[in-house]
Amino acid sequence: MADQSSSPSNKERFANAALNAYIGATGLLPVRQRLSLTGWLVRHVAAHALGWYDRVDENLNFVWPELTEERKKAIASKSIDNLARALIENYDPEEMLQRGADYPLSGPGVPILKEARENRRPVLLITGHYGSPICARAALVARGYTVAGLLRPMSNAPMNARYIRNYRDVGEPVFEQGRRGTMGLIKHVREGGMAAMAFDVFESSGAMIDFLGQPAPTATSPADIALKTGALLIPYFGIRREDRYGFDAVIEDPVPHTDPVTMMTEVTKRLEARIEADPGQWMWTHRRWKPKRMAKRRAKAMKQP
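Summary of the structure given here. This is a predicted model, so every value here is computed, not measured.

A word on the nonpolar core. Of all hydrophobic cores here, the largest spans 40 residues; its most connected members are Ile-275 and Trp-284. The greatest single-element share of this core, amounting to five residues, is contributed by helix α11 (residues 260-277). Leaving out residues up to four positions away in the same chain, Trp-284 has contacts with Arg-55, Val-56, Asn-59, Leu-60, Val-63, Trp-64, Ile-75, Ser-79, Leu-212, Ile-275, Pro-279 and Trp-289. Ile-134, Tyr-167, Leu-232 and Ile-234 belong to the second-largest nonpolar core, a separate cluster that totals 34 residues.

Below, the structure written as structure tokens:
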């Protein structure tokens, strides 16, 4: 989490200045060229320096060890390209809203979502780091939906300030992850609002739910919020098209209210189905499972009386 109480380091200032310079320069290009250039630079330069290919390979070997090397390289390239495009898209909120208005909403949850808005029924939209969730949110905002966002702050404070501002430029309200932000989001939802959040991150205190065949610590807080507020828990996805620019915002059927683990297991299965259909759209650079840490935890638990 970003530490707002301390001044940014010189390294953070330099990184922020470099990013702003890149955004300013590429902002002169047509958006399709901007996205393509960013994808190329990240795939061929930044990803190697950051060790992203090694991380993707590690994750794929953990969950899908039967894949050929050629298939793993193809998934890694597409996944990193998608991540690069998603990152740079965040810095042009006006364009995202325009694109959101141009591309369709689809899926069985669309009429349910519309009815919920008309009746002021609480809704919690849930997604993973797949395709472009922020473009899917923009598609809803462009159609008059008020969809709050819950964001994890970046560790670089100057970068985080612009990141949050851009997200707010797509649509308010926006809450930063943490006790205060979570309480604000719950209040917004309880009062009949809609909010969107991603769930597919490593949560050390979460429930162990199988994800792509391997146990992954998973937060149950989205289901907890839905149960406490009576909100519909609706999976949604911003799925990129083959041209890597257009997308489809897909709204799925709500997850039935049962108990938090059962509900998040169903949410996980919905994301699994999307990944299995097109694995290159998921963010394989994320340390979702952390098997070494989990093995140490299990060994420690076994030693305890």
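Further remarks concern the packing of helix α10 (residues 221-229) against α11. Between α10 and α11, the least distance of the axes is 8 Å, while the angle of their chain directions is 120 degrees. Here α10 lies oblique to α11, going by the angle between them. As α10 runs across α11, the sense of the crossing is right-handed. Of the residues in α11, those in contact with Pro-222, Ala-223, Asp-224, Ala-226 and Leu-227 of α10 are Pro-260, Met-263 and Met-264. Considered class by class, the residues forming the contact of α10 with α11 number seven nonpolar, no polar and one charged.

Before going further, it helps to examine the packing of aromatic side chains. On inspection of all chains with the given rule, the structure shows ten aromatic pairs. Among the aromatic residues, ring-to-ring pairing joins Phe-62, Trp-64, Phe-211, Trp-282, Trp-284 and Trp-289 into one connected group. Sitting above the plane of the Tyr-145 ring, Arg-117 keeps its charged end 3.8 Å from the centroid.

Helical geometry: 3.6 residues make up each α-helical turn, so side chains three or four residues apart lie on a common side. Remark: the principal bend of helix α2 (residues 31-50), roughly 45 degrees, maps to Val-42. The set of residues buried in α2 consists of Val-31, Arg-34, Leu-35, Thr-38, Gly-39, Val-42, Arg-43 and Ala-47. Looking at the buried residues of α2, the elements they touch are α1 (10-26), α3 (52-63), α4 (69-89) and α5 (93-102).

A word on unusual backbone geometry. Outside of glycine, negative phi angles account for most residues, and trans bonds account for most peptide bonds. In this model, Glu-172 is joined to Pro-173 through a cis peptide bond whose omega is -5 degrees. Tracing the chain through its elements places Pro-173 in the loop between α8 (157-170) and β4 (174-176). At Arg-120, a residue that is not glycine, the phi angle is positive and equals roughly 55 degrees. Relative to the assigned elements, Arg-120 resides in the loop between α6 (110-119) and β2 (123-127). At Leu-212, a position not held by glycine, the phi torsion is positive, near 55 degrees.

The end-to-end C-alpha distance of α1 is 24 Å, a good match for the 24 Å that 17 residues give at a rise of 1.5 Å each. Taken together, the buried positions of α1 are occupied by Asn-16, Ile-23 and Thr-26. Looking straight down α1, one finds its buried side chains confined to an arc of 105 degrees; they lie on one side. In this structure, α1 carries Asn-10, Lys-11 and Phe-14 as exposed residues pointing more than 90 degrees from its buried face. Elements in contact with the buried residues of α1: α2, α4 and α8.

Strand order in this open sheet of seven strands is β1-β9-β8-β2-β5-β3-β4, and the pairing throughout is mixed. The open sheet has two edge strands with one neighbour each: β1 (105-106) and β4. Sheet topology places β1 next to strand β9 (residues 247-251); two bridges connect them, and they run parallel. Looking across to β9, one finds that Ser-106 is bridged to Val-250. Across the sheet, α11 touches β2, β8 (232-240) and β9, and the angle it forms with β8 is around 15 degrees.

Here the structure, examined in full by the defined rule, presents 17 salt bridges. Between Arg-244 and Asp-81 there is a salt bridge; the shortest N-O distance is 3.3 Å. Of this pair, Arg-244 sits in the loop between β8 and β9 while Asp-81 is found in helix α4, placing the two residues 163 residues apart along the sequence. By the burial criterion, Arg-244 is buried, and Asp-81 matches it.

Here β2 lies mainly inside the structure; five of its five residues are buried. Burial along β2 is two-sided: Val-123, Leu-125 and Thr-127 and Leu-124 and Ile-126, pointing in opposite directions, are all buried. When β2 meets strand β5 (residues 194-198), the two strands line up parallel, connected through five bridges. Within β5, the residue paired with Leu-124 across the bridge is Ala-195. As paired strands, β2 and β8 are joined by four bridges and run parallel to one another.

Definitions and cut-offs
Residues numbered from 1 in each chain as written. Predicted model: local features only at pLDDT ≥ 70, side-chain atom pairs only at ≥ 80, totals over all residues. Heavy atoms only, no water. Core = buried A, V, L, I, M, F, W, Y, C linked by side-chain atoms within 4.5 Å. Buried < 20%, exposed > 50% of the residue type's maximum accessible area, 1.4 Å probe, protein only. Helix = DSSP H or I, 4+ residues; strand = E, 2+ residues; numbered from the N terminus. Contact = heavy atoms within 4.5 Å. Axes fitted to C-alpha atoms, helices over the stretch in contact; angles between N-to-C directions. Parallel < 35°, antiparallel > 145°, perpendicular 65-115°, else oblique. Left-handed = near helix turned anticlockwise from the far one by under 90°. Nonpolar A, V, L, I, M, F, W, Y, C, P; charged D, E, K, R; others polar. Phe/Tyr/Trp six-rings, centres within 6.5 Å; stacked < 30°, edge-to-face > 60°. Lys NZ or Arg CZ within 6 Å of the ring centre and 35° of its normal. Bend = angle between axes of the 7 residues up to and from the residue. Expected span 1.5 Å × (residues − 1). Arc of directions from axis to C-beta. Pairing = 2+ DSSP bridges. Salt bridge = Lys/Arg side-chain N within 4 Å of Asp/Glu carboxyl O.

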